[in-house]
Every structure is written in structure tokens, then in C-alpha cells.
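Here are the chains, one letter per residue:
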Amino acid sequence: MKEINVLVTGAAGQIGYALLTRLASGETFGKDTKVNLNLVEVPQVASKLEGSRMELEDCGFNALGEIKSFSDINEASGDIDWALLVGSIPRGITINGKKIEERADLLKINGGIFTEQGKALGENAKQNAKILVVGNPANTNALIGCTHGNNSTQTWMAMTALDSNRAKAQVANKCNVAISDIKKMTIWGNHSPTMYPDLDNAEINNESVSTLINDKSWIEKDFLQIVQQRGKAIIDARGASSATSAANAAIDTVKATLSETAEDDWFSAAVMSDGSYNVPEGIIFGFPLRTNASGEISIVQNLPISEYAQDKINLTTQELLDEKKDVSDLL
Ligand code: NAD
Ligand code: LMR
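Counting restarts for each chain: residues are numbered from 1 in the order of the written sequence. Naming scheme: in the order in which they are written, chains are lettered from A and ligands are numbered from 1. Thresholds applied to this predicted model are a pLDDT of at least 70 for local features of residues and 80 or more for the giving and counting of side-chain atom pairs; totals over whole chains, interfaces and linings are not thresholded and use all residues. Values shown for side chains rest on all heavy atoms present in the structure; no hydrogens or waters enter the calculation.

Caption draft 1: Region of the structure containing the layout of surface pockets. Volume-wise, the largest pocket comes out at about 1,000 Å³. Put plainly, a pocket is an open set of points on a 1 Å grid over the protein atoms alone with protein on both sides within 12 Å along at least five of seven lines, a cavity is a set where a 1.4 Å probe fits but cannot get out, and a lining residue has an atom within 4 Å of a point. Taken together, 44 residues line the largest pocket, and the ones lying closest to its centre are V86, G87, S88, I89 and P90. Among the elements of the structure, α1 (14–24), α5 (113–124), α7 (161–175) and α10 (230–238) are those that each provide at least two residues to the lining of the largest pocket. The nonpolar class holds Ala, Val, Leu, Ile, Met, Phe, Trp, Tyr, Cys and Pro. Asp, Glu, Lys and Arg form the charged class, and all remaining residues, Gly among them, are polar. A breakdown of the residues in the lining of the largest pocket according to their chemical character gives 18 nonpolar, 19 polar and seven charged. Grid points are joined across faces, edges and corners, and a volume is the space filled by probe spheres set on the points. Strands are runs of DSSP state E lasting at least two residues, helices are runs of H or I lasting at least four, and both sets are numbered from the N terminus onward.

Have a look at this one:
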């Protein structure tokens, strides 16, 4: 049996709880791959993590290998193939009398976590390790981690698959089609209310979704607002941020990197900008991505961008440049 070493931070949190069984069940990496889990948490919740570990054991998954628990990221990061960095504070909670309203308000609180984690993964994880940042503000946390990782053969991503899934769900309802009929969904930019879900380049049966819907007002007002604000709507409804759907999107992202992307599709995640689409280098930006047969990830090039879309892309770019400036002391 093949083996894969997977690190999960924030493993005792709500996303962690939804994530672990799906990593261990054989669903994600295949039934022929044994999944060793390095679970990382702050020492205060060691007992809760032990409960999760016991439950995983009790699931009796054939694909589950060794489970180890850590509070030290340096010890946890040795030989890691895949790291899912979830551990961080969610918004919606009150800290020092101030309610955390926007993901960017978490910058100063969570950003610091990623300096040490980045360094540890850069030094100890495998050279071809893939790292997905889920903890918010995900793009800028990934930038901090990637900078401190300083390892050009590892791949850092921030999660926008949840936004892509949300966008597909809205389109499926509107067009009365199955989710699997919707291809090539792109989330440009930041995982924040400035993200831009692109229906011009998304397709149903090889036709542009925006052409098919042919309702500018729905696309530019209702759809955009729903997708950009879905995280807040869930917090307002649940009193806690999305967990099942976030874990599901993390699994979708991992799976998207494990095999070659279908000819007629791509996937969404934020990666280090290489200047594609005139997005400045040095920010972690949501792009349309493809995985090739060797497992390398690249940005889909030469998509048409309307003037309206370019304005939206400029807005989310500026927000990421501002966030970068705000954490310059951590870079
Ligand atoms: P949670 O509070 O339930 O769990 C977070 C866990 O992280 C806690 O158990 C905490 O002890 C742990 N933690 C904190 N600091 C840590 C550290 N330095 N090392 C290891 N673990 C640490 O929160 P949650 O609902 O699971 O959300 C986690 C993060 O994911 C939040 O920042 C949230 O905003 C974000 N999120 C992102 C997306 C996305 O689409 N990118 C979606 C949903 C949630
Ligand atoms: C989400 O989009 O659900 C997460 O980023 C949580 C949040 O703060 O919105």
C-alpha cells in the first residue's frame, strides 16, 4: 500500500472535526493509500484532540495509518506530503470587547501563526509538499507562510474552492442543471467580499454561463452579493462559521491536485501570482488552475476579461496589496 503523510492544524476545531474522517476514509487519496495523520493543536485542547483521535480509530478505516498528535509544528512537519493549515481564529467571535466582523480583522491575530508554520514546513516537509491554507484571512496567511517557508519546490495555496462551490450551487439553482454540468468556475482574487466569481468564463455544455443566464442584474447584483457574503450569512444563521462545507472544499482542493484536470474544466484556488493577468507578483491570488499529469499546477492563461470583470479584479488585487502592507512586519 502507498503511504501519504498529512498534517492538519486546528485539528480539534469544527472544520478539523469534519475534515479528518474524509482524509482517513480512503475517499480523498484512494483506498490503496494509507493516510498517516499528524494532528496539530494548541495544548489547551489536547484532550479534545485525543477524543477526535479515538473516534477516528473507532471508524475502522482500512486506509487510516498512524495518527500522531502535536502541539509543536516543528515536530509535526517532518516528511509531510500534504499540509492543511486550518488552525486559527474564525470571525464572528468577540475579542477584547471587539466583535471580529471581517476576515481581514483577523490579520493581526492569525498572521503570526503562519510565520512559524511556514518556516517549519519549508525546512521539514517534503520538497514537493502541497500546503493549503484554510485559516482566515487565507490569502495573506498563505503569503506569510510561503514567505517564511522559502522553499521554491513546495506549493502554497489558499482556499477559494468553497467560494467556487457556492457559486456553482447558485448557478445550478438558477439554470436548473446539475452541479457537475457547471465547468470552469473561477474565483479571482481574495477569499473576502471582494472576490470575483467569473460567470463569463464558466461553462455549461461549452456555453458561457453568463450568456446562458442572460440576466445582467441577477449576475451583477444577486449572484455576486450572495457568493461574496455567503460566509457572513452562514455565521449569522449558525452562530459559527462554515465547517462542513469548508472541510468539503478543502477535500475538493486536495483531490483537484491528485490527478490531471479534465480537458473541459479547471479548479479554483489562490496561488502565488507570477504576473498572469497583470496581477502583481508577490500576492496569493485566486486564479483558474489546472493540474498536469506530473502533478504540477499551473494558471490557465489567455481567458477573456471584460472591462467589468477587470474592475472587479483590480479591486480585489488592491485589497490584497493593502493586506500585504498591513502585515509587512510579518513578511
Ligand atoms: P475553530 O475555532 O472551530 O477551530 C480552530 C482550531 O484551531 C481550534 O481548535 C484552535 O485551538 C486551533 N488553533 C488555534 N491556533 C492554533 C495554532 N497555532 N496551531 C494549531 N492549532 C491552532 O475554527 P474553525 O471553524 O475550524 O475555522 C478555522 C479557520 O478557518 C478560521 O480562521 C475560519 O475563519 C477559517 N475558514 C476559512 C474558510 C475558507 O474558505 N478559506 C472557510 C471556513 C472557515
Ligand atoms: C467562509 O467563507 O465561510 C469562511 O471564510 C468563514 C468566514 O469568516 O466567512
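Caption draft 2: Inspection of the site of ligand 1 at higher detail. To be near a molecule or strand, a residue needs just one of its heavy atoms within 4 Å of it. Residues in close proximity to ligand 1 total 25 residues, the closest being Q14, E41, S88, V134 and N136. For the purposes of these results, a polar contact is taken to be a pair of N or O atoms within 3.5 Å, where, inside protein, one atom must be able to donate a hydrogen and its partner to accept one; residues adjacent in sequence count only when each atom of the pair is a side-chain atom. Backbone polar atom of I15 to an oxygen atom of ligand 1: 3.0 Å apart, as the coordinates give it. H191 is positioned such that a nitrogen or oxygen atom in its side chain is 3.2 Å from an oxygen atom of ligand 1. Protein contacts shield 86% of the accessible area of ligand 1, which totals 860 Å² for the unbound molecule. Cavity membership is defined here by more than half of the atoms lying within 2 Å of grid points; on that basis ligand 1 lies in the largest pocket. Listed by contribution, the elements that provide at least two residues to the shell around ligand 1 are α1 and α5. For the shell around ligand 1, the per-class residue count stands at 13 nonpolar, 11 polar and one charged. Residue burial considers only the protein chains on display, and all accessible areas are found by Shrake-Rupley using a 1.4 Å probe. A pocket or cavity is taken to hold a molecule when more than half of that molecule's atoms are within 2 Å of the pocket's grid points.

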